[in-house]
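This is what each chain is made of:
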Amino acid sequence: MVKWSDFERAAIQDIFSKIDYDVVGSAALSRCLIVYPWTQRYFGSFGNLYNAAAITSNPKVAAHGKVIMAGLEKALKNMDDIKTTYKDLSVLHSEKLQVDPDNFNLLGDCLTIVVAGQLGAAFTPEVQGAFQKFLAVVVASLRKQYH
Amino acid sequence: MLSKKEKKLIKEIWERLTPVAADIGSDALLRMFASYPGTKTYFSHLDISPGSAHLSSHGKKIVLAIAEGAKDISQLTVTLAPLQTLHAYQLRIDPTNFKLLSHCMLVTLACYLGSEFTPVAHAAMDKFLSAFAAVLSEKYR
């Protein structure tokens, strides 16, 4: 069981209450596809991912960004048992989507950077630490059902 | 691989950050210590609390070295030769830590530059810092 300090709980809830879900998910996913182009291998059906401008304006990327945020919100609402909450998602990513789990860290890093850009100085080192701990638990839970 | 455009962009960004090198550097270090506590083990000889003089001067040192490298990216191996020796034989910092500091440096840039830290700038910077780290660890073995 993951132990969250009061500060961590508050910081994580606060971040999610401040960010614009419609913008952040899409921005994080497009950054991932731009900064780490090999991740595009999982999005063959998304159409034009030819350059940064195309990726940023791709409607399928935007839509999928929202799907990702919805998934993260599930973790946010069940912070004390993300592992169980994510069991089916983990099976989905390993057996159906067959995503190399190292990619979860790449997306997580991009998400951190997008949140940092949105919150500026309010995204202090301590707040970042809490957010990254949350993402680490999310990633570990998504990796759990890979065999 | 860095294109000409990317090299120019990287050089410009670090030129702008040189006057605030201490702030940028100490911010990135603090972020690294907060998110990756294992990295603190390399600093037992310094006072790394927020606002300390050690943190400020060390952060400045790091940023100025990166900025120097950014001035002529094609010459990284030449520019970094002394630092390669330092890291390989004296500091012996495990190279996986370079990735951690690089990530925190990107977060600092995102906070500092806001929307100016576009996906294109982010990609270029990430590639540059990876190349920098790779050159830095070249003499390790």
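Residues numbered from 1 in each chain as written. Chains lettered and ligands numbered in written order. Predicted model: local features only at pLDDT ≥ 70, side-chain atom pairs only at ≥ 80, totals over all residues. Heavy atoms only, no water.

(A) Looking closely at helix H2 (residues 21-35) of chain A. Counted at 1.5 Å a residue, the expected span for H2 of chain A with its 15 residues is 21 Å, and the 21 Å between its end C-alpha atoms agrees. Of all 15 residues in H2 of chain A, 11 are buried; the element is thus mostly enclosed. What H2 of chain A keeps buried is the set Val24, Gly25, Ser26, Ala28, Leu29, Ser30, Arg31, Cys32, Leu33, Ile34 and Val35 of chain A. Elements in contact with the buried residues of H2 of chain A: helix H3 (52-57), helix H4 (59-77) and helix H7 (102-119) of chain A together with helix H7 (119-136) of chain B. Two or three places before Asp22 of chain A, at the start of H2 of chain A, stands the capping residue Asp20 of chain A, its side-chain oxygen 3.1 Å from that residue's backbone nitrogen. (Helix = DSSP H or I, 4+ residues; strand = E, 2+ residues; numbered from the N terminus. Expected span 1.5 Å × (residues − 1). Buried < 20%, exposed > 50% of the residue type's maximum accessible area, 1.4 Å probe, protein only. Contact = heavy atoms within 4.5 Å. Polar contact = N/O pair within 3.5 Å; in protein donor to acceptor, adjacent residues only side chain to side chain.)

(B) Broad picture of the packing of helix H2 (residues 21-35) of chain B against helix H6 (residues 96-113) of chain B. Residues and elements named next belong to chain B. At a minimum axis distance of 8 Å, the contact between H2 and H6 shows a crossing angle of 120°. Relative to H6, H2 is oriented oblique. Handedness of the crossing formed by H2 with H6: right-handed. Of the residues in H6, those in contact with Ile24, Asp27, Ala28, Leu29, Arg31 and Met32 of H2 are Asn97, Leu100, Leu101, Cys104, Met105, Val107, Thr108, Cys111 and Tyr112. Here the contact of H2 with H6 is built from residues that sort into 11 nonpolar, two polar and two charged. (Axes fitted to C-alpha atoms, helices over the stretch in contact; angles between N-to-C directions. Parallel < 35°, antiparallel > 145°, perpendicular 65-115°, else oblique. Left-handed = near helix turned anticlockwise from the far one by under 90°. Nonpolar A, V, L, I, M, F, W, Y, C, P; charged D, E, K, R; others polar.)

(C) Layout of the pattern of salt bridges. Going through the model one piece at a time under the given rule, you end up with 10 salt bridges over all chains. For Lys133 of chain A, the salt bridge is made with Glu8 of chain A, and the minimal N-O distance between the two is 3.0 Å. On the criterion of sequence distance, the pair formed by Lys133 of chain A in helix H8 (residues 125-143) and Glu8 of chain A in helix H1 (residues 6-18) is long-range, its members being 125 residues apart. Judged by relative accessible area, Lys133 of chain A falls into the partly exposed class, the value being 27%. The partner of Arg16 of chain B in a salt bridge is Glu116 of chain B, with the nearest N and O atoms 2.6 Å apart. In this pair, Arg16 of chain B sits in helix H1 (residues 4-17) while Glu116 of chain B sits in the loop between H6 and H7, placing the two residues 100 residues apart along the sequence. Looking at Arg16 of chain B, the relative accessible area reads 46%, which means it is partly exposed. (Salt bridge = Lys/Arg side-chain N within 4 Å of Asp/Glu carboxyl O.)

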